[in-house]
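# Coordinate analysis (summary)
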Amino acid sequence: AYDEIIGRGVDLDGVLVQEMIKGDREFVIGLSRDPQFGPCVMFGIGGIFTEVIKDVSFRVAPLTEMDAEEMIDEIQTRKLLGEFRGSPAIDRAELVKALMGIGRLGLENDEIAEIDINPLIVDGDKPVAVDALVRIDQDGAYANLVLPKLLERSKLSERDRAFATQLVCGPVRA
C-alpha cells in the first residue's frame, strides 16, 4: 500500500504504522466537564452502538476502585465483559485502572474539556484504546500548551514525545 501511494507522487512527511486490533467487543470510556460537578467519567457500550443503545454509566471524578467496579457492573451489556463466544473475560483490573486514570487526567488538567475513547476494543482479555479524541478548552491560551504538558508527565521516551507532538493517537494497550 505504501509503494502504491508513493508511486502516485503523494508527498508525505512521514508514515504511521499501527497494530491492527481485532476484537468482537467494543466499549467507550470518556470524560466530560460538568459546570457544577467538574470532571465526570463515562463507561459503556462502544463503537457504533454508543449513540444508539446509550448504555453508559457516569461518575464524578476522582474515582475509587469501587466506583469504577460499580460503573462496569451498571451497564446492561455487562455480560460482554465476561467470557463470550470462546473469548476470555476482560481483565477487570486493567479496565478499572483505565477508568480511574481518565478521572485523574481530568482532575489534573483543567484545560481538558472532553475525552472520548471509542472504541475501546477487548483484544483477548485486554482493553485496547483504538481511537481517542481529546478536546481542549479553546477559550484560553491552553490549546498550544496542553499536549506538551501531558507529554511531559508521560512515560514516553524523548524520541516518542517528539513524534507525539506531530501526531496523536494509535492503539494504546491498558
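Refer to the structure above for everything that follows.
Before going into details, it helps to say that this report is about the structure given with it. These numbers were taken from a predicted model, which means no experiment stands behind them.

The next point concerns the packing of aromatic side chains. Within this structure, the stated rule accounts for one aromatic pair. Each ring, one from Phe27 and one from Phe43, has its centre 5.7 Å from the other, and the planes form 15°; the classification is stacked. Here Phe43 lies in strand β2 (residues 38-45) and Phe27 lies in strand β1 (residues 26-34), a separation of 16 residues in the sequence. Assessed through its relative accessible area of 1%, Phe27 is described here as buried. Here Phe43 falls in the buried class, since its relative accessible area comes to 0%.

Time to look at helix α4 (residues 92-108). With 17 residues, α4 should reach 24 Å at 1.5 Å per residue; the first-to-last C-alpha distance of 24 Å fits that figure. Of all the positions in α4, only Glu94, Leu95, Val96, Leu99, Met100, Ile102, Gly103 and Gly106 are classed as buried. On the buried face of α4, the contacting elements are β1, β2, α3 (65-74), β4 (112-123) and β5 (126-129). Where α4 begins, the side chain of Asp91 points an oxygen toward the backbone nitrogen of Ala93, at a separation of 3.2 Å.

Moving on: the pattern of salt bridges. Think of it this way: side chains of opposite charge can pair up when their charged atoms draw near. Overall, the coordinates contain eight salt bridges when judged by the stated rule. With its nearest N and O atoms 3.0 Å apart, the salt bridge here joins Arg92 to Asp73. In this pair, Arg92 sits in helix α4 while Asp73 sits in helix α3, placing the two residues 19 residues apart along the sequence. Taking the relative accessible area as the measure of exposure, Arg92 reaches 27% and is therefore partly exposed. What you see here is one network of salt bridges that share partners, running through Arg59, Glu70 and Glu74.

Before going further, it helps to spend a moment on the environment of Val15. Relative to the assigned elements, Val15 resides in the loop between α1 (2-7) and β1. Expressed as a C-alpha distance, the spacing of Val15 and Tyr2, which sit 13 residues apart in the sequence, is 8.6 Å.

Take a nonpolar patch on the surface next. Together, Tyr2, Ile5, Ile6, Val10, Leu12, Val15 and Val17 make up a nonpolar patch on the protein surface, roughly 610 Å² of accessible area in all. Owing to a relative accessible area of 37%, Val10 belongs among the partly exposed residues under this scheme.

A one-sided burial pattern is seen for strand β3 (residues 56-60), the buried positions being Ser57 and Arg59 and the unburied ones Val56, Phe58 and Val60. As paired elements, β2 and β3 share five bridges and run antiparallel to each other. By the bridge assignment for β3, Met42 is matched with Phe58.

Time to look at the nonpolar core. Ranked by internal contacts, the top residues of the largest apolar core, which has 26 residues, are Phe43 and Leu99. Counting only elements with at least two residues in this core, the list comes to β1, β2, α3, α4 and β4. Apart from residues no more than four positions distant in its own chain, Phe43 is found in contact with Phe27, Val28, Ile29, Asp55, Val56, Ser57, Met71, Ile72, Ile75, Leu81, Leu95 and Leu99.

Looking now at the side chain of Arg25. Here Arg25 shows up in the loop between α1 and β1. Comment: no salt bridge for buried Arg25; closest opposite-charge side chain is Asp24, at 6.7 Å. Contact partners of Arg25, with chain neighbours within four places excluded, come to Leu80, Leu81, Gly82, Phe84, Ser87, Pro88, Ala89, Ile90, Leu120, Ile121, Val122 and Gly124.

Of the residues making up α3, those classed as buried are Asp67, Ala68, Met71 and Ile72. Burial along α3 is one-sided: seen end-on, the buried residues are contained in an arc of 135°. For α3, the exposed residues lying more than 90 degrees away from the buried face are Glu65 and Met66. Here the buried face of α3 lies against β2, β3 and α4.

Right, let's talk about the pairing of β5 for a bit. Taken together, the four bridges between β4 and β5 define a ladder with antiparallel strand orientation. Paired with Ile121 across the bridge in β5 is Val128. Linking β4 to β5, which pair antiparallel, is a turn of two residues; within it Gly124 sits at a positive phi near 70°.

Criteria and thresholds
- Residues numbered from 1 in each chain as written.
- Predicted model: local features only at pLDDT ≥ 70, side-chain atom pairs only at ≥ 80, totals over all residues.
- Heavy atoms only, no water.
- Phe/Tyr/Trp six-rings, centres within 6.5 Å; stacked < 30°, edge-to-face > 60°.
- Helix = DSSP H or I, 4+ residues; strand = E, 2+ residues; numbered from the N terminus.
- Buried < 20%, exposed > 50% of the residue type's maximum accessible area, 1.4 Å probe, protein only.
- Expected span 1.5 Å × (residues − 1).
- Contact = heavy atoms within 4.5 Å.
- Polar contact = N/O pair within 3.5 Å; in protein donor to acceptor, adjacent residues only side chain to side chain.
- Salt bridge = Lys/Arg side-chain N within 4 Å of Asp/Glu carboxyl O.
- Patch = residues over 30% accessible without salt bridge, like charges linked within 9 Å, V, L, I, M, F, W, Y side chains within 5 Å.
- Areas by Shrake-Rupley, 256 points an atom, 1.4 Å probe, with all protein chains shown as cover.
- Pairing = 2+ DSSP bridges.
- Core = buried A, V, L, I, M, F, W, Y, C linked by side-chain atoms within 4.5 Å.
- Lys, Arg positive; Asp, Glu negative; His and termini not counted.
- Arc of directions from axis to C-beta.

What is shown is where atoms sit, not what they do.
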